[in-house]
Amino acid sequence: MSATVPEKPTLEGLEQKFSERWEGEGTYRFDRTRTRADNYVIDTPPPTVSGSLHVGHVFSYTHTDTVARFNRMNGRNVFYPMGWDDNGLPTERRVQNFFGVRCDPNLPYDPTFEPPPTPGKEQVSISRPNFVELCKRLVVDDELAFEELFRRLGLSVDWSLLYTTISDRAMRVAQRAFLRNLARNEAYQQEAPTLWDVDFRTAVAQAELEDREMPGAYHRLVFRGVNDGADVLVDTTRPELLGACVALVAHPDDARYQGRFGTLVHTPWFGVAVPVLAHGLADPEKGTGIAMVCTFGDLTDVIWWRELALPVRSIVGRDGRISAEPPDGVDAERYQAIAGLTVKQAKARMVELLDECGGTVGEPRAITHPVKFYERGDRPLEIVTTRQWYIRNGGREADLRATLVERGRALRWFPAYMKARYESWVEGLNGDWLISRQRYFGVPFPVWYRLDADGEVVHGEPLVPDESRLPVDPSTDVPEGFTEAQRGQPGGFVGDPDVMDTWATSSLSPQVAGRWGDDDDLWDRVFPMDLRPQGHDIIRTWLFSTVVRSHFEHHSLPWHNAALSGWILDPDRKKMSKSKGNVVTPIGLLEQYGSDAVRYWASSARPGVDTAFDEGQMKVGRRLAIKILNASKFVLGTGDVAADARATNPIDRSLLSSLAEVVAEATTAFDAYDHGRARERAERFFWTFCDDYVELVKNRSYGVAGAEGARSASATLGLALSSLLRMFAPHLPFVTDEVWSWCQPGSVHNAPWPTVAEMHAASAGPGDPLVFTVAAEVLGAIRKAKSDVKRTLRTEVVSVVVRDTEARLGALAAAIDDVKEAGRVVGAFETVLVADSDLASTGVTVELAPPDEPTISGSPTSAAPVEAPERSSEPPSETPSGETAVPPAETPVPVAEPSA
RNA sequence: GGGCGUUUAGCUCAGCUGGUAGAGCGCCUCCCUUACAAGGAGGUGGCCGGGGGUUCGAGUCCCUCAACGCCCACCA
């Protein structure tokens with residue numbers, strides 16, 4: 001076949017051209033007729049659709065794409081879907097800000113509602129159906145923008161497999177999985193103290209917590225013995241919860257309090273009698289060694305409350321304010337002092353009151369201490385008692401926990417040390433997985449409850465739909481045996497008002513992407529999957545929860561391998577923040593440097609390693625892409641390669657044997673998900689190939705050494721180029737397919753990954769890597785001699801003396817003609833044998849032809865005046881391919897018409 | 001408090017099973033050379049975090065310390 005090389009190759013426009021071509025030709029289409037063993041299946045992370053993509057997305061999705069492409073080229077039928085995680089809090093928050101609305105579930109649906117053109121200062125209250133409509137409207141635009149960016153980035157996903165987590169199909173999967181969990185008692189409902197975000201007004205799971213160091217203060221409160229009036233001093237950081245105090249707790253071995261255990265003390269100000277109790281969790285080192293137990297100040301309070309069977313006396317409501325009504329046992333008049341205040345206001349007021357009544361001693365002592373926050377929240381979490389849905393995750397059962405740890409050990413982790421994070425998380429669980437959220441835009445729980453004759457909800461026996469009805473929305477759908485008229489009526493029913501947390505949906509990403517339950521034929525071809533790529537920050541959430549769901553439903557791991565990518569860091573080594581990341585937009589980078597260049601930067605990272613954002617690397621990537629264009633132009637211009645052409649020349653065989661090593665290393669690296677190393681190996685070889693090999697054989701390829709030498713050079717150049725293009729294809733998909741299109745039918749992305757056997761087959765005999773190495777080194781010495789005296793590389797060389805060992809001189813002898821051509825050696829080329837024991841004597845001496853013009857300063861290596869013509873090499877009379885011969889250098893090149 | 005990771009040239013990082021310290025960027029000196037000036041050639045630059053060990057030999061293995069980052073922890 002004949003190559004069609006553009007006159008001026010360019011990177012411009014390749015993204016557009018090839019993303020369209022790949023889509024049109026179905027280059028990345030999953031073939032669902034092939035069986036599980038043929039397939040390579042990726043559980044792509046569905047990015048959260050809540051605005052714009054971040055540089056970090058470009059980074060990590062590129063990693064996965066290189067792996068997908070590598071496997072595709074190795075003959076695997078790649079299942080590479082994309083999903084949009086569009087349900088959940090981020091979308092709700094974005095909708096609120098974007099449209100200036102808030103959801104009020106009590107409002108009726110307004111079919112004519114339109115949001116204000118620009119958000120006003122006051123948020124407009126709208127019904128839940130209206131709110132959901134706006135959510136869906138907003139994510140459509142975002143999702144289109146995401147898809148465009150990912151296509152431009154060159155992700156080789158099969159877009160026909162696209163899913164969204166709010167789609168009916170995903171809802172059906174999530175509801176079906178939940179109902180099965182419920183039927184097997186893996187999901188349950190419980191009324192219990194729950195971590196609660198007062199701004200979002202929803203329960204929060206353990207996995208979504210983060211600690212933040214916050215300023216606080218110890219206040220020393222004075223409790224008085226009911227019988228003896230003796231003071232018991234207690235340090236607390238939360239005096240506002242005094243009204244919720246139900247006990248004091250000290251360590252059972254603490255001698256200071258042993259006499260008090262079992263007695264009652266009065267709380268200051270309120271004068272409520274509470275018991276002094278013993279519990280091993282009390283820390284004698286903290287404060288005065290005795291703690292105030294409130295319902296509920298923190299998770300330790302919950303443990304004490306449960307294990308010591310204490311009463312509930314809660315005063316903080318779901319809105320983060322002190323409840324209007326006092327709890328049992330608290331004086332109503334006194335309570336009025338704080339009723340209705342925010343927690344923060346109540347703290348200030350309570351301290352005043354305590355100071356006034358002598359309830360405190362000393363000044364507050366300022367401290368900083370870790371406080372639990374919802375990871376997206378702005379105010380500390382409170383603990384309120386609510387009814388919630390849970391899925392068992394081993395947090396309460398040691399056997400299940402051990403089993404899930406074992407699942408994690410069976411998974412292959414890249415890098416391996418990430419496994420430790422999984423284990424420490426699972427082993428540290430202290431409760432089951434809270435999956436219900438008191439929000440609006442998510443998958444509803446597919447259950448209803450009966451109302452008894454008094455209109456009270458009967459939670460114990462939820463009404464569930466048949467799986468064939470899924471998905472259902474219990475706020476509009478009706479349970480079997482009821483009519484809509486019975487909704488909310490005594491003896492009737494109500495729908496569960498809650499939605500599933502977004503992790504409860506995305507934990508089913510394999511089932512959603514593989515269409516579990518909807519398309520079992522497909523499901524059987526993709527599950528268990530091969531790879532879960534994701535960030536290491538969501539091991540405890542997404543990775544673990546996916547393992548849990550798969551364990552319950554399929555009794556297996558969801559995938560065989562997990563590849564964790566690191567963070568993008570600012571150049572100053574801080575984690576790149578959203579605000580900074582949005583300054584440098586991904587699309588801007590792709591426009592400025594080209595997609596291949598940005599991918600080059602991204603693919604340099606090792607698995608799991610944080611990487612600095614570095615535009616310099618993008619410039620390097622762009623240069624590599626341009627170099628590929630130019631080198632390919634040269635190689636493809638050396639003439640067509642006959643199908644049976646073999647590398648016969650020793651230096652050509654030498655190159656192919658080096659290339660075989662590179663192929664082997666790149667393959668090994670990719671098999672271990674080390675795309676960065678794979679690319680680095682190919683890249684290093686490529687530059688040597690360009691700088692040394694191409695220079696060495698350039699003239700021979702033109703035919704200066706005869707037809708056979710040219711054939712051997714062309715065959716080697718052609719195979720090396722083809723192999724390099726294929727090894728670069730996973731990283732630089734655009735430029736490689738561009739070059740491929742000049743000389744081959746089809747796409748490089750469907751071409752086979754190069755193999756060692758392929759290199760051997762193209763070689764007429766075994767190659768000695770030393771031949772090329774030594775030839776390149778001698779050529780380098782000749783260049784250096786010219787560079788040292790600031791002469792042009794065209795300068796002719798009148799003599800070369802190489803002193804080296806027998807093995808290396810032997811290797812050099814096999815390449816001597818090419819070295820002389822490339823170095824412009826017109827005079828003597830001597831070799832001097834050096835004993836292996838005398839390596840210090842090795843070296844290369846070069847004598848250059850004198851400069852044309854007399855120079856004032858003589859150069860050290862051209863001291864001897866030698867008469868030499870400036871040009872002496874014979875131009876090739878004919879080239880084997882029959883193309884136009886290269887004209888002699890001294891002849892001015894005429895502006896010729898193209899020869900027919 | 002427990003665990004994991006990192007520490008190599010001014011910067012970003014390779015360096016795998018121990019065998020004379022590497023790349024790119026930057027900087028310096030050159031070169032328009034018929035694939036490429038959006039190039040090319042050459043060069044400068046390192047007590048491989050500190051200390052101790054094992055070894056003929058340690059950036060690499062062991063111990064220890066330190067700094068930085070992250071994960072986990074029942075943090076009154």
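Quantities reported herein were computed from a predicted structural model and do not represent experimental measurements.

**Q** Provide a residue-level description of unusual backbone geometry, including the pertinent values.
**A** Residue phenylalanine 296 is reached from threonine 295 by a cis peptide bond, and omega for that bond is -5°. If you trace the backbone, phenylalanine 296 turns up in the loop between strand 14 (290-294) and helix 6 (299-307). The residue after phenylalanine 414, namely proline 415, is reached through a cis peptide bond having omega 0°. Relative to the helices and strands, proline 415 resides in the loop between strand 17 (412-414) and helix 10 (419-427). Phi is positive for arginine 201, close to 55°, though the residue is something other than glycine. With respect to the helices, strands and loops of the structure, arginine 201 is situated in the loop between strand 7 (187-197) and strand 8 (202-203). Of the residues examined, arginine 201 reaches a relative accessible area of 47% and is grouped as partly exposed. Located in the positive-phi region is arginine 515, a residue other than glycine, with phi close to 55°. Mapped onto the elements of the fold, arginine 515 is located in the loop between helix 12 (509-513) and helix 13 (520-526).

**Q** Residues and numbers for the sheet that holds strand 30 (residues 843-848), please.
**A** Across the sheet, three strands lie side by side as 29-28-30; this open sheet has mixed pairing. The open sheet has two edge strands with one neighbour each: strand 29 (825-833) and strand 30. Strand-to-strand twist in this sheet, taken as the mean axis angle between neighbours without regard to direction, amounts to 10°. Bridge count for strand 28 (residues 797-804) against strand 30 is six bridges, and the pairing is antiparallel. Pairing of valine 802 across the sheet is with valine 844, part of strand 30. Packed on one face of the sheet, helix 24 (residues 769-788) meets strand 28, strand 29 and strand 30 and runs near 45° to strand 30. With respect to the sheet, helix 26 (residues 816-823) is in contact with strand 28 and strand 29, its orientation differing from that of strand 29 by roughly 135°.

**Q** Before we move on, can you summarise the side chain of aspartate 197 with the specific residues and values?
**A** In this structure, aspartate 197 sits in strand 7. Notably, aspartate 197 is buried but unbridged: the nearest opposite-charge side chain belongs to arginine 379, and the N-O separation is 6.8 Å. Only 2.7 Å separates the side chain of aspartate 197 from the backbone nitrogen of phenylalanine 200, close enough to count as a polar contact.

**Q** I'd like to hear about the pairing of strand 11 (residues 245-250), residue by residue, with values.
**A** A large share of strand 11 lies buried, amounting to six of its six residues. Pairing geometry for strand 11 and strand 14, over five bridges, is antiparallel. Across the sheet, residue cysteine 245 finds its bridge partner in strand 14, namely cysteine 294. Of the pairings in the sheet, the one linking strand 11 to strand 13 (residues 273-278) comprises three bridges and is parallel in character. Across the sheet, the residue bridging to alanine 250 is alanine 278, located in strand 13.

**Q** Could you give an account of the sheet that holds strand 21 (residues 457-463), naming the residues involved and the relevant values?
**A** Taking strand neighbours across the sheet as the criterion, the three strands line up as 21-20-22 in an open arrangement whose pairing is antiparallel. Bordering the open sheet on either side are strand 21 and strand 22 (493-495), each of which pairs with just one other strand. Recorded for the sheet is a direction-independent mean angle of 35° between the axes of neighbouring strands. When strand 20 (residues 448-451) meets strand 22, the two strands line up antiparallel, connected through three bridges. By the bridge assignment for strand 22, tyrosine 449 is matched with valine 494.

**Q** Can you tell me about the protein's contact with RNA strand B, naming the residues and giving the values?
**A** The environment of RNA strand B is made up of 56 residues, and the closest members are Asp283, Pro370, Lys372, Arg623 and Tyr702. Protein-proximal atoms of RNA strand B, defined as those within 4 Å of the protein, fall in sugar or phosphate at a share of 65%. One nitrogen or oxygen atom from the side chain of glutamine 206 is found 3.3 Å from a phosphate oxygen belonging to RNA strand B. One nitrogen or oxygen atom from the main chain of lysine 286 is found 3.4 Å from a base nitrogen belonging to RNA strand B. Elements that contribute at least two residues to the surface near RNA strand B include exactly strand 10 (231-236), helix 6, strand 15 (365-374), helix 10, helix 18 (615-637), helix 20 (675-702) and helix 24.

**Q** If you had to explain the pattern of salt bridges to someone new, which residues and values would you point to?
**A** Per the stated rule, a full pass over the model turns up 59 salt bridges. The closest approach of N and O atoms between glutamate 147 and arginine 151, which form a salt bridge, is 3.0 Å. Of this pair, glutamate 147 and arginine 151 both sit in helix 4 (residues 128-153), four residues apart, which is roughly one turn of the helix. Owing to a relative accessible area of 22%, arginine 151 belongs among the partly exposed residues under this scheme. Two residues, arginine 700 and aspartate 652, come together in a salt bridge whose shortest N-O distance is 2.9 Å. Note that arginine 700 is positioned in helix 20 and aspartate 652 in helix 19 (residues 650-671), a separation of 48 residues in sequence. The same class applies to arginine 700 and to aspartate 652, which are both buried. The network of salt bridges with common partners includes Arg172, Arg176, Arg180, Arg184, Glu186, Glu467, Asp518 and Glu553.

**Q** So what about the nonpolar core? Which residues, and what values?
**A** If you look at the biggest cluster of nonpolar residues, it comprises 81 residues, and the most contacted ones within it are Ile628, Phe686, Phe689, Met727 and Val819. Listed in part, the 71 residues of the second largest apolar core include Ala203, Ile391, Val443 and Ala513.

**Q** Outline the packing of aromatic side chains, listing residues and values.
**A** Counted according to the given criterion, the structure contains 32 aromatic pairs. With a centroid separation of 5.0 Å and an interplanar angle of 85°, the aromatic rings of phenylalanine 296 and tryptophan 305 are classed as edge-to-face. Accessibility expressed as a relative area gives 2% for phenylalanine 296, which makes it buried. Residue tryptophan 305 is classed as buried on the basis of its relative accessible area of 19%. For the ring pair phenylalanine 685 and phenylalanine 689, a centre distance of 6.5 Å and an interplane angle of 20° mean the geometry is stacked. Here phenylalanine 685 pairs with phenylalanine 689, and both are found in helix 20, just four residues apart, close to one helical turn. In textbook terms, an aromatic cluster arises when at least three aromatic residues are bridged by ring pairs, as seen for Tyr61, Trp84, Phe146, Phe150 and Trp159. Across from the ring centre of tryptophan 22, 5.3 Å away, lies the NZ or CZ of arginine 69, which sits over that ring. Here arginine 532 stacks its cationic end above the ring of tryptophan 542, 3.1 Å away from the centre of that ring.

**Q** So what about the pairing of strand 24 (residues 529-535)? Which residues, and what values?
**A** With seven of seven residues buried, strand 24 is to be regarded as a mostly interior element. Pairing between strand 24 and strand 25 (residues 559-565): six bridges, direction parallel. Considered in strand 25, the bridge of arginine 532 is made with alanine 562. The handedness of the strand 24 to strand 25 crossover, carried by helix 14 (residues 539-554), is right-handed.

**Q** Tell me what's going on with the environment of serine 506, and back it up with residues and numbers.
**A** Checked against the element boundaries, serine 506 lands in helix 11 (residues 502-506). Serine 506 gets classed as buried once you look at its relative accessible area, which sits at 3%. Through-space distance from the C-alpha of serine 506 to that of glycine 83 is 9.8 Å; in sequence the pair is 423 residues apart. Once residues lying within four places of it in the same chain are set aside, the contact partners of serine 506 are Asp85, Trp542 and Thr546.

**Q** Lay out the packing of helix 19 against helix 21 (residues 707-728) with the relevant residues and their values.
**A** Orientation of helix 19 relative to helix 21, taken along the N-to-C sense of each, is 10°, at an axis distance of 10 Å. Between helix 19 and helix 21, the crossing angle belongs to the class labelled roughly parallel. Judged by the twist between their axes, the crossing of helix 19 over helix 21 is left-handed. Across the interface between the two elements, Asp652, Leu655, Leu656, Leu659, Val662, Val663 and Ala666 of helix 19 pack against Ser712, Ala713, Thr716, Leu719, Ala720, Ser723 and Met727 of helix 21. Residue classes in the contact of helix 19 with helix 21 are distributed as 10 nonpolar, three polar and one charged.

Rules and cut-offs
Residues numbered from 1 in each chain as written. Chains lettered and ligands numbered in written order. Predicted model: local features only at pLDDT ≥ 70, side-chain atom pairs only at ≥ 80, totals over all residues. Heavy atoms only, no water. Helix = DSSP H or I, 4+ residues; strand = E, 2+ residues; numbered from the N terminus. Buried < 20%, exposed > 50% of the residue type's maximum accessible area, 1.4 Å probe, protein only. Pairing = 2+ DSSP bridges. Axes fitted to C-alpha atoms, helices over the stretch in contact; angles between N-to-C directions. Contact = heavy atoms within 4.5 Å. Lys, Arg positive; Asp, Glu negative; His and termini not counted. Salt bridge = Lys/Arg side-chain N within 4 Å of Asp/Glu carboxyl O. Polar contact = N/O pair within 3.5 Å; in protein donor to acceptor, adjacent residues only side chain to side chain. Near = heavy atom within 4 Å. Core = buried A, V, L, I, M, F, W, Y, C linked by side-chain atoms within 4.5 Å. Phe/Tyr/Trp six-rings, centres within 6.5 Å; stacked < 30°, edge-to-face > 60°. Lys NZ or Arg CZ within 6 Å of the ring centre and 35° of its normal. Right-handed = clockwise from strand over helix to strand, strands pointing away. Parallel < 35°, antiparallel > 145°, perpendicular 65-115°, else oblique. Left-handed = near helix turned anticlockwise from the far one by under 90°. Nonpolar A, V, L, I, M, F, W, Y, C, P; charged D, E, K, R; others polar.

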